[in-house]
Amino acid sequence: MATGETSMETIQRGSTLPNGDIYVGNFAGLVPHGFGKYMWTDGTLYYGEWDTRKMTGRGVIQWPSGASYEGDLCGGFIDGSGTFKGVDGSLYNGSWRMNKKHGMGTMVYANSDTYEGLWNEGLPEGFGKYTWADGNTYIGNWKSGKMNSRGVMKWANGDTLDCNWLNGLAHGKGFCKYASGACYIGTWDRGLKDGHGMFYQPGSKMPCNLEVSECVTDHDVSSASSSGNENINNGLLFLLHKLCNTWRIQSLFHRPRRISNGTAPVFDDNSGNHLPEESSTEPLRTDECLQDNGVDKVLVYEREYVQGVLISEKPKGHDSGMPDSSTTQELTWQKQAGGPMETIFKGHRSYYLMLNLQLGIRYTVGKITPVPLREVRSNDFGPRARIRMYFPCEGSQYTPPHCSVNFFWKDYCPMVFRNLREMFHIDAADYMMSICGDDSLKELSSPGKSGSIFYLSQDERFVIKTLRKAELKILLKMLPKYYTHVRAYDNTLITKFFGVHRITLKGGRKVRFVVMGNMFCTELRIHRKYDLKGSTQGRSTKRQNINENTTLKDLDLSYVFHVDKPWRDALFRQIKLDCMFLESQSIIDYSMLLGIHFRAPHHLKTSSSLQNSLEGGISDSDLVQYEEKSSWKGFLLAAHEPGTTVGGSHIRGSMVRASEAGYEEVDLVLPGTGRFRVQLGVNMPARALKVREDMNTELENPDSIEEYDVVLYLGIIDILQEYNVSKRVEHAVKSLKFDPLSISAVDPNSYSKRFVKFLESVFPEQY
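Values in this document were obtained by computation on a predicted structure and should not be read as measured data.

A.B. asks: Any details on unusual backbone geometry? Residues and values, ideally.
C.D. replies: Phi at Ser-112 takes a positive value of approximately 80°, unusual for a residue other than glycine. One can find Ser-112 in the loop between strand S9 (100-108) and strand S10 (114-120). Residue classification places Ser-112 among the partly exposed residues on the basis of a relative accessible area of 49%. A positive phi is found at His-425, a non-glycine position, where the angle reads about 60°. Relative to the helices and strands, His-425 is located in the loop between helix H6 (414-423) and helix H7 (428-436).

Structural data, given as structure tokens:
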């Protein structure tokens, strides 16, 4: 093929087209066809094959900037296999589609970083390996040019992090193996350790299944990468297949902040080439690894992190060489780390029940949605206000065929719940997609004390709970007053109900469900959950039963919470209104479900905070420091901007106002995380003060009280228990043995007063 200079001379002898471009080559009639050379007026040159006016086949493109491409084209686009050389010296060799990298390919960046793997629309997506110039590597999945889903990061010094990833940051459960031989198994949140985990010192017995990924990383990848460009595809596909078969610790990883190695986000330069930003791929800090000094014989520690800061550590056990203890510990960790729920799959005991529920909800929501929205009437309430339908497997005139079992479906008070969903701004299509989409529901592995089973939609917006017949009757009985109360008080903390249904299976077995809003549907990790009733009898949790998924009780609470005075006033005003409603319905045994997201202790935070908080267009003038009279500085509050915040999935009502912001509506700004809409019981900033060690132990040194910035989530749950004859008997019997005021079963008026009084001690007023 001729050089650039020769080609230019040849084209100059050719004819000039009306638009000023020049073409020399074969024609089919009046259009280029076959081999030819074409130069645009901007100096871009193509020589290669043509097919009826369009570049199709093999060819070479040279741009005036110095960039070039050699390979396949189709229909005038770079499409197929080819090599692109960037003006900055970068090189891509692989598959293309419609001018974008797509498929299998290898990119060598200008800074000598290398990516080898799958691409989609110009960005790494799928399985691939990224190697930094300093020797650090990442092998795993990518999405939109960032590390996403499962993957392994290995540093040049031998440290390895094997976990889930989200937007280029470690996010979810995983394990880190240090070059020293130490290991940490736990949870990461946006790149930072967050929550409970197990730390194994060098020399301790670690779970054997943690060795698999290291073997894959060291051996298979090196062999795959050394096989040459023509074997890249087979090598990586083999590696992906082996990883899928050998990563047996996937049950450890349940949910998806900035890792110390840094990541390489991808961006476009002017030439259309994709380059990684300069990133400091520093190895994991090993100063947090406890070294065996020959004196300390405890080799395994249970740790708790908050936003990357270690806040507690205690020995888990002694490594005495006894395999039973180590094995028990390993199994215990796997059970706890797997999360409190499991996805329902085909063959699961709840599989057909889930299919029936999804079919029924899809049918009734689709049937009621086209009906014009109107005010509810008295005949919209009660057990007779219902939709009934039979769903045979083969389908019917009114129902589609399905692969579940035959069942009868009943939907209670459809118009009422349709209005409730509208009231909470829940779109009918989103509601159906959340519960009835292609994704399965998740079943909580720990049923409630009542025996009810809980299911969670895949997007975690909705909780579905099985009901006893008596609970269904109470709900339908109180529904008119509930509807009136919820409509009158936008900021009510009472459970949000969105649907009540019943499935009747073969043999007459009846299963009743209620669909509720999940008050913990948030991007923030909930570190502690408490179920608070205000009673003391039986309101503690055995230590051996506590793990990161446990919902703790009244006597387990070791903190009090200080919130801004206007927020506290609004909170207790609403709690008292809600309790008055429940008392009017003779309801007891309800509780305040409290979720706590801890922020890192302020004096231990790294120096990265404020700059990250300014992302997303938040200017310095917008920020209002949320400060109290003491010397600490906590959250950043910004003047509320509609459309810029993250709220709950089913939030309505007015926002609360902050005194520090001149009693204006504010958003909560969390550095590196986002901007959240502050409402009553949702995204509420507070300060947590630890006032005792545990339920039976006071603080050794009351002068050194621990303080944390926290974000609170609150809601009143379990509101379907009447003070009936059985509860009166329970009260009489237990009163013979315990203090009558300490037991849960008391009359509604006493229950309401005790409930409010207890919460006032949890949220003390500040003077």
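A.B. asks: How would you sum up the side chain of Thr-504? Please name residues and give values.
C.D. replies: Here Thr-504 is to be found in strand S29 (residues 497-504). When near neighbours in sequence (up to four residues on either side) are disregarded, Thr-504 contacts Phe-407, Phe-408, Arg-509 and Lys-510.

A.B. asks: Quick rundown of the environment of Asn-93? Include the residues and the values.
C.D. replies: For Asn-93, the location among the structural elements is in strand S8 (residues 91-97). With 23 residues separating them in the primary sequence, Asn-93 and Glu-70 have C-alpha atoms 9.6 Å apart. A distance of 3.1 Å separates a polar atom in the side chain of Asn-93 from a polar atom in the side chain of Thr-83.

A.B. asks: An account of the packing of helix H9 (residues 565-584) against helix H12 (residues 748-762) is requested, with residue identities and associated values reported.
C.D. replies: Packing of H9 against H12 brings their axes to within 9 Å, and their N-to-C directions diverge by 165°. For the element pair H9 / H12, the angle class is roughly antiparallel. As H9 packs across H12, the resulting crossing turns out to be right-handed. Along its contact with H9, which presents Arg-568, Phe-572, Ile-575, Lys-576, Cys-579 and Glu-583, the element H12 presents Pro-748, Asn-749, Ser-752, Phe-755, Val-756, Leu-759 and Glu-760. Looking at side-chain class alone, the contact of H9 with H12 contains seven nonpolar, two polar and four charged residues.

A.B. asks: Please give an account of empty space enclosed by the protein that cites residues and values.
C.D. replies: Of the voids in this model, the second largest cavity is the one considered here, and its volume is about 60 Å³. Of all the secondary-structure elements, those providing two or more residues to the lining of the second largest cavity are helix H5 (351-368), H6 and S29.

The rules behind these values
Here, residues in each chain are numbered from 1, in the same order as that chain's written sequence. For a predicted model such as this one, the threshold for reporting local features is a pLDDT of at least 70, and the threshold for listing and counting side-chain atom pairs is 80 or more; totals across whole chains, interfaces and linings nevertheless cover every residue. In computing side-chain values, all of the structure's heavy atoms are included and hydrogens and water are not. In DSSP terms, a helix is any run of H or I states spanning at least four residues, a strand is any run of E spanning at least two, and both are numbered starting from the N terminus. Burial classes follow relative accessibility: with a 1.4 Å probe on protein chains only, a residue under 20% of its type's maximum area counts as buried, one over 50% as exposed, and anything between as partly exposed. By definition, residues are in contact when any of their heavy atoms lie within 4.5 Å. Counting of polar contacts relies on pairs of N or O atoms within 3.5 Å, with two restrictions inside protein: one atom must be capable of donating a hydrogen and the other of accepting it, and residues adjacent in sequence are counted only when both atoms are side-chain atoms. Whenever a helix is involved, its axis is fitted only over the stretch in contact; in every case the axis is a line through C-alpha atoms, and angles between N-to-C directions fall within 0 to 180 degrees. These descriptions rest on fixed angle ranges, namely under 35 degrees for roughly parallel, over 145 for roughly antiparallel, 65 to 115 for roughly perpendicular, and the rest for oblique. Crossing chirality is assigned from the near helix's rotation relative to the far helix, an anticlockwise turn below a right angle marking it left-handed and a clockwise turn marking it right-handed. Ten residue types, Ala, Val, Leu, Ile, Met, Phe, Trp, Tyr, Cys and Pro, are classed as nonpolar, four, Asp, Glu, Lys and Arg, as charged, and the remainder, Gly among them, as polar. Here the term cavity refers to a set of points on a 1 Å grid, laid over the protein atoms alone, in which a 1.4 Å probe fits but cannot get out; the term pocket refers to an open set having protein on both sides within 12 Å along at least five of seven lines, with lining residues being those that place an atom within 4 Å of a point. Grid points are joined across faces, edges and corners, and a volume is the space filled by probe spheres set on the points.

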